[in-house]
Amino acid sequence: MTAPLRITTGVTEDGRARLTATGEIDLSNAADFRDRLAAEVTPDGSRLLVDLTGVDYLDSAALAALFVHADRIEVHIAPLNEYLLTVCGLTQLTDVHVIRPEDSESRS
């Protein structure tokens, strides 16, 4: 059974726009993710923080949505997805930060 995708938006402590996804992003819901991502990315040059630390699974449709906006996003991921984003080449196009559990605890 797949974990349902949940997407929220907000602002970081320093005023940056943030899109947070949890669950799984696959072909069944990637269009929703792509549309929400496109709606939050702004043409003004500021980078959208895309928090995927709560995402357990990303498929190629999810990666495609990230690639489209690579020059305008910063991605935070859990260690589980670090290898995937490295192998697919996204780390060469945008800032990708691996957030380990101890890092998120110290940010609280």
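Overview of the structure. Everything numeric in this text was worked out from a predicted model, so none of it was measured.

The rules behind each value
- Residues numbered from 1 in each chain as written.
- Predicted model: local features only at pLDDT ≥ 70, side-chain atom pairs only at ≥ 80, totals over all residues.
- Heavy atoms only, no water.
- Pairing = 2+ DSSP bridges.
- Helix = DSSP H or I, 4+ residues; strand = E, 2+ residues; numbered from the N terminus.
- Axes fitted to C-alpha atoms, helices over the stretch in contact; angles between N-to-C directions.
- Buried < 20%, exposed > 50% of the residue type's maximum accessible area, 1.4 Å probe, protein only.
- Lys, Arg positive; Asp, Glu negative; His and termini not counted.
- Salt bridge = Lys/Arg side-chain N within 4 Å of Asp/Glu carboxyl O.
- Contact = heavy atoms within 4.5 Å.
- Core = buried A, V, L, I, M, F, W, Y, C linked by side-chain atoms within 4.5 Å.
- Arc of directions from axis to C-beta.

### Some remarks on the sheet that holds strand S4 (residues 73–77)
Taken in spatial order, the five strands line up as S1-S2-S3-S4-S5 in an open sheet, and their pairing is mixed. With one partner strand each, in any of the chains shown, strand S1 (6–11) and strand S5 (95–98) form the two edges of the open sheet. Between one strand and the next, the sheet's axes are offset by a mean angle of 20 degrees, whatever the strand orientation. As judged from the six bridges shared by S1 and strand S2 (residues 17–25), these two strands associate in the antiparallel manner. Paired with Val11 across the strands is Ala17, a residue of S2.

### Some remarks on the side chain of Asp51
With respect to the element layout, Asp51 can be found in strand S3 (residues 48–58). Put simply, Asp51 is tucked away with no salt bridge, and the nearest opposite charge, on Arg18, sits 4.6 Å away. Those residues within four positions of Asp51 in sequence are excluded, and the remaining contacts are Arg18, Leu19, Thr20, Ala21 and His76.

### Things to note about the nonpolar core
In this structure, Ile25, Phe33, Leu37, Val50, Leu52 and Leu66 are the most contacted members of the largest nonpolar core, which totals 22 residues. Contributing elements (two or more residues each) for this core: S2, helix H1 (30–40), S3, helix H2 (60–68) and S4. Per-element tally for this core: the top contributor is S3, with five residues. When residues no more than four places from it in sequence are discounted, the contact partners of Val50 are Leu19, Phe33, Leu37, Leu66, Ile73, Glu74, Val75 and His76.

### Some points on H1
For H1, the full list of buried residues reads Ala30, Phe33 and Leu37. Looking straight down H1, one finds its buried side chains confined to an arc of 60 degrees; they lie on one side. Lining the buried residues of H1 we find S1, S2, S3, H2 and S4.

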